[in-house]
Amino acid sequence: MASPSSQPGIGVGTWAWGNQFLWGYAPERDDHRLAATFARCLERDLLFFDTADSYGTGRLNGRSETLLGQFAAAASPQEQQRLCIATKLAPFPWRLGRQGYRRAFAASRARLQGRLHRVQLHWSTARYAPWQEGPLLDGLADLVREGAVASLGVSNMGPQRLRQVHRRLADQGVAISSLQVQLSLLAPQPIEPGGVAAVCRDLGIELIAYSPLALGLLSRDDDQLARAPGGPRGALFRRLGPRIAALRQAMAAIGQGRPGGRAAVALNWCRAHGAMPIPGLRSPEQVDQTADALSWELSEGERQHLDQLALANTAARMPANPFQSA
């Protein structure tokens, strides 16, 4: 979603829509609230939605796409025209060759009720099966050339792999529209010297920041942070929470008197580095807090101060995605 300024806008992540393991999703409790969340996103001009065919837990696999498809179908024709829906296809070991994504793409498009504007490779296989990735990407390029989908994106690639893939697809006349990577004040590696953010600028590729709030570590107030959630998120909160006091204090000072609080500071830090953050949103209240971030931007001095804290050698770090390529 574009903003009036020169900085990127803000999109919406839907990883939690259907995920029971990490987010405790329950259809009877959450579906109504998620429908209201989607409607509020349209009201607040958050129009880019990111999902994946693997989002959902167990028997609910694909649930995120299904919900997004239902909500989009219920929107008015005018609202539907403004949406951009992107999904990611997982390079599972059984998805092989140039035709390896055909059935998966058709299934995702069906769950999304035909509203699919960008298809993305969910992660790079460069670390463990580099031979698998190229033919799958060629197949996605075929879908773009055939007009089955408007654009193509990739995810979890480092600078070296991104340049290689860019050349491969450019030779076929297909552009990479976006790269999606973990990027936040607790995962700043993409903006380090020689990082993938610079490659995106060089190649004209949109940079998308997933987990920009570090699973909530950067957005919760002090009392909420002290009450860690259950499960794997709770373990992460207990491990990293005590180490980010100085960062959170700086974020609180910057956000004081500005709409959106700490969450807006974290999102606007991503935007200041040329990345569109896609925070996970599960309630209309979270939508409002996120949209409020678009009303202001960090000053250069504020960005530099946060950079110093985030890039310090002793700074706390989120776990790296094991599939992130070099």
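Definitions and limits used
Residues numbered from 1 in each chain as written. Predicted model: local features only at pLDDT ≥ 70, side-chain atom pairs only at ≥ 80, totals over all residues. Heavy atoms only, no water. Salt bridge = Lys/Arg side-chain N within 4 Å of Asp/Glu carboxyl O. Helix = DSSP H or I, 4+ residues; strand = E, 2+ residues; numbered from the N terminus. Buried < 20%, exposed > 50% of the residue type's maximum accessible area, 1.4 Å probe, protein only. Core = buried A, V, L, I, M, F, W, Y, C linked by side-chain atoms within 4.5 Å. Contact = heavy atoms within 4.5 Å. Arc of directions from axis to C-beta. Axes fitted to C-alpha atoms, helices over the stretch in contact; angles between N-to-C directions. Parallel < 35°, antiparallel > 145°, perpendicular 65-115°, else oblique. Nonpolar A, V, L, I, M, F, W, Y, C, P; charged D, E, K, R; others polar. Left-handed = near helix turned anticlockwise from the far one by under 90°. Pairing = 2+ DSSP bridges. Right-handed = clockwise from strand over helix to strand, strands pointing away.

S.K.: Break down the pattern of salt bridges for me, citing the residues and quoting the values.
M.R.: Counted according to the given criterion, the structure contains 22 salt bridges. Where R40 meets E43, a salt bridge forms, and the shortest distance between an N and an O atom there is 2.5 Å. Here R40 pairs with E43, and both are found in helix α2 (residues 27–43), just three residues apart, close to one helical turn. Note on R40: relative accessible area 25%, which makes it partly exposed. Judged by relative accessible area, E43 falls into the exposed class, the value being 53%. Ionic pairing is found between R111 and E65, a salt bridge with its closest N-O pair at 2.7 Å. Separated by 46 residues along the polypeptide, R111 in helix α5 (residues 102–111) and E65 in helix α3 (residues 63–74) bring together distant segments of the chain. If you follow the salt bridges from partner to partner, you end up with R40, E43, R44, D288 and D292 in one network.

S.K.: Could you give me a rundown of the nonpolar core, with the residues and numbers involved?
M.R.: F49, V154, L179, L217 and L306 are the most contacted members of the largest nonpolar core, which has 90 residues in total. Per-element tally for this core: the top contributor is helix α12 (residues 261–272), with seven residues. Apart from the residues lying within four places of it in its own chain, the contact partners of V154 are Q120, L121, L137, L162, V165, I176, S178, L179 and Q180. If you look at the next biggest cluster of nonpolar residues, it comprises six residues, including F48, A86, I208 and Y210.

S.K.: Quick one: what's the story with helix α8 (residues 196–203), residue by residue and with numbers?
M.R.: Regarding α8, the residues found buried are V196, A197, V199 and C200. Angularly, the buried residues of α8 cover 160° about the axis, an arc narrow enough to put them on a single face. Opposite its buried face, α8 presents the exposed residues R201 and D202, each directed more than 90 degrees away. Those residues of α8 that are buried lie in contact with α7 (159–170), β6 (178–182) and β7 (206–210). Looking at the residues trailing α8, positive phi occurs at G204, about 70°.

S.K.: Any details on the packing of α12 against helix α14 (residues 300–311)? Residues and values, ideally.
M.R.: Relative to each other, α12 and α14 sit at 100°, their axes nearing to 11 Å. Comparing their axes, α14 and α12 come out roughly perpendicular. Between α12 and α14, the contacting residues are V265, W269 and A272 on the first element and R303, L306 and D307 on the second. Its residues assigned to classes, the contact of α12 with α14 shows four nonpolar, no polar and two charged.

S.K.: Mind laying out the packing of α2 against α3, listing which residues take part and the relevant values?
M.R.: Between α2 and α3, the least distance of the axes is 10 Å, while the angle of their chain directions is 50°. Compared by their axis directions, α2 and α3 come out oblique. In terms of crossing hand, the pair formed by α2 and α3 is right-handed. Where α2 approaches α3, its residues P27, D31, L34, A35 and F38 are matched on the opposing element by R63, L67, L68, F71 and A72. Classifying every residue of the contact of α2 with α3 gives eight nonpolar, no polar and two charged.

S.K.: So what's going on with unusual backbone geometry? Which residues, and what values?
M.R.: At N156, a position not held by glycine, the phi torsion is positive, near 55°. For N156, the position within the fold is in the loop between β5 (151–155) and α7. The class of N156 is buried, set by a relative accessible area of 3%. A positive phi angle, close to 50°, is found at S211, a residue other than glycine. With respect to the helices and strands, S211 occurs in the loop between β7 and α9 (222–226). Residue classification places S211 among the buried positions, given a relative accessible area of 17%.

S.K.: How would you summarise the pairing of strand β3 (residues 84–89) if you had to cite specific residues and measurements?
M.R.: Within β3, five of the six residues are buried, which leaves the element mostly enclosed by the surrounding structure. Pairing of strand β2 (residues 48–52) with β3, which is carried by five bridges, proceeds in the parallel orientation. Residue pairing for β3: T51 is matched across the bridge by T87. Note: β3 against strand β4 (residues 118–121), four bridges, orientation parallel. Bridge pairing in β4 links K88 to Q120. For the crossover that starts at β3, traverses α5 and ends in the parallel β4, the hand is right-handed.

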